[in-house]
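The lines below spell out each chain.
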Amino acid sequence: MAACILAALAVRVPFWSERAPRVRDGSTLVLRLSGPIAERAPSRIPLLESGSAWTTLELWEVLRKAAKDKRIAALLFLPEQPGAGWAKLSEIRAGIVAFRAAGKPVTAYLRTPSARDYYLASASSRIVAAHGGYFNVKGLRAELLYARGTLDKLGIAAEFESLGRYKDGADILTRTEMSATTREVMNGLLDARFEEWTGAIAAGRGKSKEEVRRLIDEGPFLAADAVKAGLADGVQFESEAKADLARLLRQDALREVDAWSYRLIPAKEFFAEKDGRIAFLVAEGDITSSPLPAMGGAQLDPEEFARVVKEIREDSSIQAVVLRMNSPGGDATVSEQMLHEVKLLAAKKPVVVSMSDVAASAGYQIALGGHVLCADPATITGSIGVFFGKLSLAGLYGKVGVNKQILTRGRHAAIDSDATPISVEERVKLRAMLERFYADFVTQVAAARGRRAEEIEPLAQGRIWLGAEAKRNGLIDELGGIGRAMELAAARAKLSAYQVVVYPKPGAVEAVRERMRFLRWAASLPLKSETAPGFWSRLPFEVSVD
């Protein structure tokens, strides 16, 4: 048994033993991009865990360094359905454009590109299709799931109250189809995405938007047809594409350097860092008072957030902070506490908020504590609204023979019980509380944005906005990604050069902390419910345009 364990460890390359590569003159950076792209690097325990997962910051730094590095002559880019939203993709694409602007060629090699893959590849100077591949480039679509019919069959009643005519976070449970307001917003979102997507392709391929739209209506394409349509420049095997790039660089064989290894080369080799330090504070995931570490999607732990913010606040070597927000929102009470922490931080150091794919609802609320709010044009933000609800399981209990009896003291003691419906009187009570939450949210936004509540209220109503729209509406200050946020933070701190320090700090200590939080949650399962009702400021469960 021990021998088996040792053998398993032997075949792993532990992340803590990675070494920066030797980079020869005339090297080509090879960037293979697949899998999820997060804002926060996973915390791993040495010897027990390995693997790689890009963060947006790492990709930004790699492309920025490679553009500056005189030893790097070209980029070979191989996107294979990376897990990222449109704002992250926009930042990556901008990095490729900047690399090309440095006078360095970019070849994109595509096997079965999706719309997102092709969006990234359109920034390249040459696009090569793989033999036997096809271009799944046929337009964009938005799909919204509604489960009310299923709940009805199970005897489960979704009872929710919300404020804001666009606040559709609970619609997945309460409706069988999209509302008129949701359709209005989603069509606007789809139009904006399609306009930007086709515009990027048109610019990258030297075509008009009208030409691109006509081509899209003919998709998807086999590789040879993509070439005929002008969406690609040739059909080759990967080795042939590399040989062509080597000939362009006047090399016998391509001098490759892997981007994942190249990330280990310190930025200080290309950029001065002597003047100061900027903290890059990641706030990613659903906001909840009971995060479940290592389970499901990213979750934002308020206790960890407060601890890390305090650490940054008390560290005199940190001159400024970039708060990287990527959250659809969540618990409205918890977000109030987190906003307070950001305000305390902003009272001591410049704080620039950099919004990623989404910083909406409670995620937008937390961002209000920053001095400057910066977002990509494709960022989903806003959604200033709130809702309350619970799932009433009385019908389901009856179907399966469960008899849940309740004894109470207090008129509204069972208002959040899953065995009773919300009464008319309780609904009036909840509505009044929601109105207070909503009014406070609008007032917070108005105060942070230097506006009157009457000006903000029409922009609220639970409506989501893209970053470009949010800028026009005065809900944010600047358009741009990580690079722009860093510039703004450095300017406010009067830094001509700086080192970027990532928080929370990835590593074994954080990995152990996550496991311990999970164990504490698991141990409490028999004693408490993790699905307790509450007041929420959150986006719909899934908003995706593909």
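Just above sits the structure.
Residues numbered from 1 in each chain as written. Predicted model: local features only at pLDDT ≥ 70, side-chain atom pairs only at ≥ 80, totals over all residues. Heavy atoms only, no water.

A. A look at the sheet that holds strand β4 (residues 126-130). Taken together, the 6 strands give an open sheet; going across it, the order is β8-β4-β3-β2-β1-β9, and neighbouring strands pair in parallel fashion. Pairing within the sheet leaves two strands with one partner each, and these edge strands are β8 (234-236) and β9 (256-258). The mean angle between the axes of side-by-side strands here comes to 30°, regardless of whether they run parallel or antiparallel. Pairing analysis gives 9 bridges linking strand β1 (residues 27-36) to strand β2 (residues 72-83), with the strands arranged parallel. Its bridge partner being in β2, L29 is matched across the sheet by L75. Against the sheet, helix α2 (residues 56-68) engages β1 and β2, with an angle of about 170° to β1. (Pairing = 2+ DSSP bridges. Helix = DSSP H or I, 4+ residues; strand = E, 2+ residues; numbered from the N terminus. Axes fitted to C-alpha atoms, helices over the stretch in contact; angles between N-to-C directions. Contact = heavy atoms within 4.5 Å.)

B. Main features of the packing of helix α7 (residues 180-205) against helix α8 (residues 209-216). One way to put it is that α7 packs onto α8 with a least axis distance of 9 Å and a crossing angle of 105°. Considered as vectors, α7 and α8 are oriented roughly perpendicular to each other. Only K209, V212, R213 and I216 of α8 make contact with α7, whose side of the interface consists of F194, E195, W197, T198, G199, I201 and A202. Taken together, the residues that form the contact of α7 with α8 break down as 6 nonpolar, 2 polar and 3 charged. (Parallel < 35°, antiparallel > 145°, perpendicular 65-115°, else oblique. Nonpolar A, V, L, I, M, F, W, Y, C, P; charged D, E, K, R; others polar.)

C. Just helix α3 (residues 86-101), in detail. Its 16 residues place the ends of α3 22 Å apart at the C-alpha level, agreeing with the 22 Å of an ideal helix rising 1.5 Å per residue. The set of residues buried in α3 consists of W86, A87, K88, L89, S90, E91, I92, R93, G95, I96 and F99. Phi turns positive one or two residues past the end of α3, at G103, with a value near 85°. (Expected span 1.5 Å × (residues − 1). Buried < 20%, exposed > 50% of the residue type's maximum accessible area, 1.4 Å probe, protein only.)

D. Focus on the packing of α2 against α3. Close contact between α2 and α3 brings their axes to 9 Å; oriented N to C, the two are set at 5°. Taken together, the axes of α2 and α3 lie roughly parallel to each other. Along the contact surface, α2 presents T56, L59, L63, A66 and A67, while α3 presents K88, E91, I92, G95, I96, A98 and F99. For the contact of α2 with α3, the per-class residue count stands at 8 nonpolar, 2 polar and 2 charged.

E. Up close: the side chain of N326. Position of N326 among the secondary structure elements: in strand β13 (residues 318-327). The class of N326 is buried, set by a relative accessible area of 10%. Not counting the four nearest positions on each side in its chain, N326 is found in contact with E39, K88, A283, E284, G285, S356, D357 and V358.

F. Local environment of the environment of G450. Here G450 shows up in the loop between α16 (424-449) and α17 (453-456). On the accessibility criterion, G450 (67% relative accessible area) is exposed.

G. Structural context of the environment of I37. Within the secondary structure layout, I37 lies in the loop between β1 and α2. C-alpha separation for the pair I37 and G83, spaced 46 residues apart in sequence, amounts to 5.6 Å. Not counting residues up to four positions away in its chain, the partners in contact with I37 are W54, T55, T56, L59, P82, G83, A84, K88 and I92.

H. Looking closely at α2. Its 13 residues place the ends of α2 19 Å apart at the C-alpha level, agreeing with the 18 Å of an ideal helix rising 1.5 Å per residue. Along α2, 10 of the 13 residues are buried, which leaves the element largely enclosed by surrounding structure. When we look at burial in α2, the residues that qualify are T56, L57, E58, L59, W60, E61, V62, L63, K65 and A66.

I. A look at the packing of aromatic side chains. Within this structure, the stated rule accounts for 5 aromatic pairs. Pairing F160 with F387 gives two aromatic rings, centres 6.0 Å apart and planes at 55°, and the pair type is tilted. On the criterion of sequence distance, the pair formed by F160 in strand β6 (residues 157-163) and F387 in strand β18 (residues 386-392) is long-range, its members being 227 residues apart. Classification of F387 by relative accessible area gives buried; the value is 7%. Over the ring of W260 we find R263; its NZ or CZ atom is 3.6 Å from the centre of that ring. For R463, the ring lying beneath its charged end belongs to Y166, and the centroid distance is 5.0 Å. (Phe/Tyr/Trp six-rings, centres within 6.5 Å; stacked < 30°, edge-to-face > 60°. Lys NZ or Arg CZ within 6 Å of the ring centre and 35° of its normal.)

J. Quick look at empty space enclosed by the protein. If you walk through the whole model with that rule in mind, you get 2 cavities of 30 Å³ or more. Here the second largest cavity is characterised by a volume of approximately 50 Å³. Along the walls of the second largest cavity sit R40, L281, V282, L300, D301, E304, F305, V308 and P504, which together make up its complete lining. Counting residues per element, the ones that place at least two in the lining of the second largest cavity are β10 (277-284) and α12 (302-314). Counting residues per element, the lining of the second largest cavity draws most heavily on α12, which supplies 3 residues. Looking at the lining of the second largest cavity residue by residue, the classes come out as 6 nonpolar, no polar and 3 charged. (1 Å grid on protein atoms, 1.4 Å probe; cavity = no way out; pocket = protein on both sides within 12 Å on 5 of 7 lines; lining within 4 Å. Points joined across faces, edges and corners; volume = space filled by probe spheres on them.)

Keep in mind these values describe shape, not function.
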